[in-house]
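Inside the fold
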Amino acid sequence: MDENIKWLKDKKLERTMENLEKHNMEAYYVQDENELIKKISEFTKEGETVAVGGSMTLFETGVIDYLKNGNFNFLDRYKDDISGEELKEVYRKSFFADSYFASSNAITENGELYNVDGTGNRVAAMIYGPDKVIVVVSTDKIVKDLDAAIKRNQEYSAPANAKRLNRKTPCAKVGYCMDCSSEERICNEYTLIKRQPIKGRIKVIFIDKKLGY
Ligand code: SF4
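Residues numbered from 1 in each chain as written. Predicted model: local features only at pLDDT ≥ 70, side-chain atom pairs only at ≥ 80, totals over all residues. Heavy atoms only, no water.

Now for the overall build of the protein chain. Along the protein chain, the regular secondary structure elements total eight helices and ten strands. Computed over its C-alpha atoms, the radius of gyration of the protein chain comes to 17 Å, within 12% of the 17 Å expected for a compact globule of 213 residues. Projecting the C-alpha coordinates of the protein chain onto the three principal axes gives extents of approximately 50 × 45 × 30 Å. Counted over contacts in the protein chain with a minimum sequence separation of 6, partners at least 24 positions apart contribute 74%. By element, 49% of the accessible surface of the protein chain is carried by carbon and sulfur atoms, the whole surface being about 11,200 Å². Side chains of the protein chain give 34 positive and 35 negative charges; the mean places of these two sets differ by 2 Å. (Helix = DSSP H or I, 4+ residues; strand = E, 2+ residues; numbered from the N terminus. Rg over C-alpha atoms; globule rule 2.2 N^0.38 Å. Contact = heavy atoms within 4.5 Å. Areas by Shrake-Rupley, 256 points an atom, 1.4 Å probe, with all protein chains shown as cover. Lys, Arg positive; Asp, Glu negative; His and termini not counted. Charge placed at Lys NZ, Arg CZ, Asp CG, Glu CD.)

Structure follows, in structure tokens:
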């Protein structure tokens with residue numbers, strides 16, 4: 001990468017991390033998946049209960065495999081043939097997990113986490129319940145402000161997710177949000193985590209790679 005472009009990217013990351021810290025969230029940077037797992041192992045103890053919010057980033061970085069390796073009590077939302085009732089139970093039990101893992105749809109340079117959920121289980125657990133929330137996020141998801149976060153979701157994350165999930169929504173056909181009234185709409189709970197009352201509860205780990213949606 002051109003060194004001046006790298007400098008710009010680094011300054012943006014630096015501002016974002018500083019502002020997250022000002023909002024009582026911890027911010028870390030890792031270069032690759034190995035460093036990421038090492039960092040996560042500093043925050044988690046073997047045997048503890050862990051749960052995850054739906055996230056491609058967690059799959060792509062190997063975090064899901066790491067959590068399923070038998071050293072943790074993994075509340076498995078991805079179990080084969082899981083029933084609707086079992087899934088609901090996993091979502092509810094996740095509030096009592098020691099550590100909750102998720103990604104974010106966008107993080108603003110002001111140090112805020114913006115997310116749009118279909119059922120709200122992810123944002124609910126991020127907001128309240130687990131004592132530790134570990135957010136793994138690509139540096140590509142840093143945006144200027146809330147307006148840019150909303151735009152990113154409408155033009156990128158949500159249509160891509162709807163397409164991935166094979167939803168019968170207009171965005172999965174045209175490639176941008178049409179604020180639909182579809183039965184299969186995936187955008188229902190819009191949240192902005194501005195600040196944390198408990199310092200360090202949310203730990204954001206940035207990874208310098210294009211990941212997730
Ligand atoms: S509101 Fe509907 S059209 Fe817009 S992104 Fe969500 S699912 Fe797609």
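A complete count under the given rule lists one cavity of 30 Å³ or more for this structure. In this structure, the largest cavity spans a volume of roughly 80 Å³. What lines the largest cavity is simply Thr169, Pro170, Cys171, Cys177, Met178, Asp179, Cys180, Arg185, Ile186 and Cys187. (1 Å grid on protein atoms, 1.4 Å probe; cavity = no way out; pocket = protein on both sides within 12 Å on 5 of 7 lines; lining within 4 Å. Points joined across faces, edges and corners; volume = space filled by probe spheres on them.)

Let us look at the sheet that holds strand β9 (residues 189-193). A sheet is described by the order of its strands in space; here four strands give the open sequence β8-β5-β6-β9, paired in mixed fashion. In the strand order of this sheet, the two ends are held by β8 (142-143) and β9, each with one partner. Bridge count between strand β5 (residues 106-108) and strand β6 (residues 113-117): two bridges; the pairing is antiparallel. Considered in β6, the bridge of isoleucine 107 is made with leucine 113. Relative to β6, helix α7 (residues 146-164) is tilted by about 30°, and along the sheet it contacts β5, β6, β8 and β9. (Pairing = 2+ DSSP bridges. Axes fitted to C-alpha atoms, helices over the stretch in contact; angles between N-to-C directions.)

Surveying the vicinity of the ligand reveals the residues Ala158, Thr169, Cys171, Cys177, Met178, Asp179, Cys180, Arg185, Ile186 and Cys187. Its atoms largely coinciding with the cavity grid, the ligand occupies the largest cavity. (Near = heavy atom within 4 Å. Sits in = over half its atoms within 2 Å of the grid points.)

The backbone of asparagine 24 sits at a positive phi, close to 70°, despite the residue not being glycine. As for its position among the elements, asparagine 24 is in the loop between α1 (3-22) and β1 (26-30). Phi angles above zero are rare outside glycine, and asparagine 166 is one such case at about 60°. By the element assignment, asparagine 166 lies in the loop between α7 and α8 (171-174). The exposure class assigned to asparagine 166 is exposed, which follows from its relative accessible area of 63%. (Buried < 20%, exposed > 50% of the residue type's maximum accessible area, 1.4 Å probe, protein only.)

Read these as spatial facts, not as claims about activity.
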